[in-house]
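The chain contents come next:
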Amino acid sequence: MKYVDEYRNHKVAKKVVDEIRRIQTRPWVIMEVCGGQTHSIVKHGLDYLLPEGIELVHGPGCPVCVTSLEMIDKAHAIARHPDVIFCSFGDMLRVPGSQADLFTLKSQGADVRVVYSPLDCLKIARANPEKKIVFFAIGFETTAPANAMLVWRAKNEGLKNVSILVSHVLVPPSIAAILQSPQNRVQAFLGPGHVCAIMGYREYEPLVARYKVPIVITGFEPLDLLEGTLYTVRQLESGRADLENQYVRAVNREGNKPAQKLIWQVFDICDRKWRGVGSIPKSGYKLRYEFRDHDAERLFEVEEIDTKESQLCISGQILRGIKKPHDCPAFGKECTPQQPLGATMVSAEGACAAYYAYGRHLKREDLVQVA
Amino acid sequence: MNSPLRSLNPEEEKLEAEGPIRADLLGAICPVPILEHKQIVLGHGSGGKLTSDLIQKFFLPAFSNEYLERLDDQAVLEINGSRLAFTTDGFVVTPIFFPGGDIGSLAINGTVNDLAMSGARPLYIAAAFILEEGLATEDLRRVVDSMRKAAQEAGVMLVTGDTKVVNRGKGDQIFITTTGIGVIDSPSRISADRAQSGDAVILSGYIGDHGIAIMSQRENLEFESNIESDTVPLHGLVAAMLEASPEIHVLRDPTRGGVATTLNEIAARSKAGIRLDENEIPIRESVKGACEILGLDPLYVANEGKLLAFVGQKSAEPVLERMRQHPLGRDARIIGRVVAEHPGMVLMKTEIGGTRVLDVMFGEQLPRIC
């Protein structure tokens, strides 16, 4: 397939890997920020193509995984209302709250619908004027413009029965939080390609300057990821810490200005709780005051829900790159995608689920032998 | 706070003065897992792990017998010296008309194929119709006409049936259950537990067409494609393969859950390992593209006119050659082999040269966020 196959060419991949091997003199720990990158790395087996000293650790960039339990409980409280049609991206349905998941609520009679685009909610709202349509607006900066567009259009088209439950999170504050942790092991980052396609990469420049850490904005295809890794290793080996952009075909410094404009029209920055990490100041979006009539948290009076999360798994440490999925004694045994103990096992983008689905609970020897 | 390794410029100093962006490191937190569903959820019908749980927990203990325990898509019964294949299947597809077919042709072909996967010659079909109040009679006529054509093409007779009507809202236009019976002429004993080390894994053609054709018609998906369902009866292809060699150990049509789930079932039942080569798996560009956009994996997307065959090493080439002469096997390929290592597991060499494990699908395949 054009524009895909070019980035999966095994001959070019081998050249890039050989070059990494040639210049590498010592072990390095590199974090890929996005869940989509983690997924691609394990789906294509890239971690086994790289030299052993290059350790890829998986970052906090899975929106499903980092959505706090409290927010999920709020979503469930809203979805239980008989006059609500609750709309969500698909992989949010399986994430358990304190009592149930959305699949279970659906089986109990709640009207829960999977949408591919937030804008589908407008159609649903027009077709069901007697119902309240609530969209679960989760995600990083990538999904923010489309979610903002939903609210903006609902307001401007007078669709009073549309609201969103906002649980947006932002990448740069989470990178800062990781770097400030005393347990941090990460020496360089593969930056989030899709997020930067929207936001540009200006806001990563202060991180590079302040923490002296290489950040390479990287795409999602196998060759993107290998090339991004090569750029970071080059920087690390020569003692540099620069911001580089591997994903030039999608990302520039300024990003998508109209999308950013829309985001600022609709959202304000706020503090946000992250599952597994805790509260990070200025790390999320909330609706601006002008859009309060479309704020589901306010309309359904769920602000008071405050769920305490219990201490059952190490997903928090995995989301911060301190541990890897197979460091967890429950991984692949008590904790599987069928019976997830943590959010990182629930979402297909979560590091644990990706590790499991692509066989990282097996021995390296078994897998290397196949290749 | 000042690390000896770095000096601050004025802008950084300003940042520092604002204080660090500090995370409350609460440590590990996790949701309480949902292990027991008190109600049936949609995933119980997806053909993946949840379906299997349901069978293990409810149906097997209740009806346990030597035929059922084989967990094949059909039972093979020996009666007065002849071997009969017997199967049943329910069809609830939405929309009922889709590119390349409809619920009627699907109901005939699905049951014909379940019989064919034992090597049987399909003979007779029974059908039960559950109709929802309000269904247009013209739609019913179209479905019935399509069933007539499919039965004629497959050479089976619909010999008995039943009709029920339910209140509006208690069904979804039309549900069809078909039951089929066929006779096995070949001496080959074909079953999911007979894969052996050294067997070639043959796939009869392009995968993912049916699932993507259905998805493209769902109301909440706005993409246009010219992908058509591959629904066809496969018994003719199977007969040709058995003519080429009796050394066919396993036959399965990878419907719900796709190629990956079917291969996992075979690996588990045969206690054998399977190794695939991603470069050999035929997937149309249009299906690949749709899957990339939707965040789906074609290896888990349903097919209705493809089969997977496990064939003894020496017979692989003759069987493959014979398949390629048949119109339904033109694009057949050897996509992998059975190995003695890692019993019960399916590994795949990826196109970029890495290694991936294919697991069974859990619940429904959910589109990913980004």
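Residues numbered from 1 in each chain as written. Chains lettered and ligands numbered in written order. Predicted model: local features only at pLDDT ≥ 70, side-chain atom pairs only at ≥ 80, totals over all residues. Heavy atoms only, no water.

1. Comments concerning the overall build of chain B
Now for step 1: On a plain count of helices and strands, chain B comes out with 9 helices and 14 strands.
Now for step 2: The buried share of chain B, reckoned over its 370 residues, is 52%.
Now for step 3: Taking the contacts inside chain B whose residues are at least 6 apart along the sequence as the reference set, 82% of them involve residues at least 24 apart.
Now for step 4: With an accessible surface of roughly 17200 Å², chain B has 52% of that area assigned to carbon and sulfur atoms. (Helix = DSSP H or I, 4+ residues; strand = E, 2+ residues; numbered from the N terminus. Buried < 20%, exposed > 50% of the residue type's maximum accessible area, 1.4 Å probe, protein only. Contact = heavy atoms within 4.5 Å. Areas by Shrake-Rupley, 256 points an atom, 1.4 Å probe, with all protein chains shown as cover.)

2. Concerning the sheet that holds strand E12 (residues 333–339) of chain B
All names here are of chain B.
Now for step 1: Pairing is mixed across the open sheet formed by 7 strands, whose spatial order is E9-E11-E8-E12-E10-E13-E14. Both edges of this open sheet fall to strand E9 (248–252) and strand E14 (355–358), since each of them pairs with a single strand only. Along the sheet, successive strands turn relative to each other by an average axial angle of 25°, direction set aside.
Now for step 2: Each of strand E8 (200–203), E9, strand E10 (273–277), strand E11 (308–311), strand E13 (346–349) and E14 touches helix H7 (residues 258–270); the most contacted strand, E11, lies at about 35° to it. (Pairing = 2+ DSSP bridges. Axes fitted to C-alpha atoms, helices over the stretch in contact; angles between N-to-C directions.)

3. Here's the deal with the nonpolar core
Now for step 1: With 91 residues, the main nonpolar core has Ile78(A), Phe86(A), Phe135(A), Ile164(A), Phe189(A), Tyr204(A) and Phe267(A) as its most contacted residues.
Now for step 2: With 34 residues, the next largest nonpolar core counts Ala195(B), Ile227(B), Val287(B) and Leu294(B) among its residues. (Core = buried A, V, L, I, M, F, W, Y, C linked by side-chain atoms within 4.5 Å.)

4. Structural notes on the sheet that holds strand E11 (residues 278–287) of chain A
All names here are of chain A.
Now for step 1: Spatial strand order, E4-E3-E5-E6-E11-E10: 6 strands in an open sheet with mixed pairing. Lying at the two open borders of the sheet, with one neighbouring strand each, are strand E4 (111–114) and strand E10 (267–274). Neighbouring strand axes in the sheet, compared pairwise and without regard to direction, differ in orientation by 25° on average.
Now for step 2: Where E10 lies against E11, 7 bridges are found, and the strand directions are antiparallel. Note that in E11 the partner of Asp 268 across the bridge is Lys 286.
Now for step 3: In the packing of helix H5 (residues 69–79) onto the sheet, the strands contacted are strand E3 (84–88), strand E5 (132–139), strand E6 (162–169) and E10, and the crossing angle to E6 comes to about 170°.

5. Re the pairing of strand E6 (residues 157–166) of chain B
Residues and elements named next belong to chain B.
Now for step 1: Bridge analysis of strand E5 (residues 121–132) against E6 gives 9 bridges, and the strand direction is parallel. Each residue of the ladder has a partner; that of Phe 129, found in E6, is Thr 163.
Now for step 2: Each parallel crossover has a hand, and for E5 linked through helix H4 (residues 137–154) to E6 it is right-handed. (Right-handed = clockwise from strand over helix to strand, strands pointing away.)

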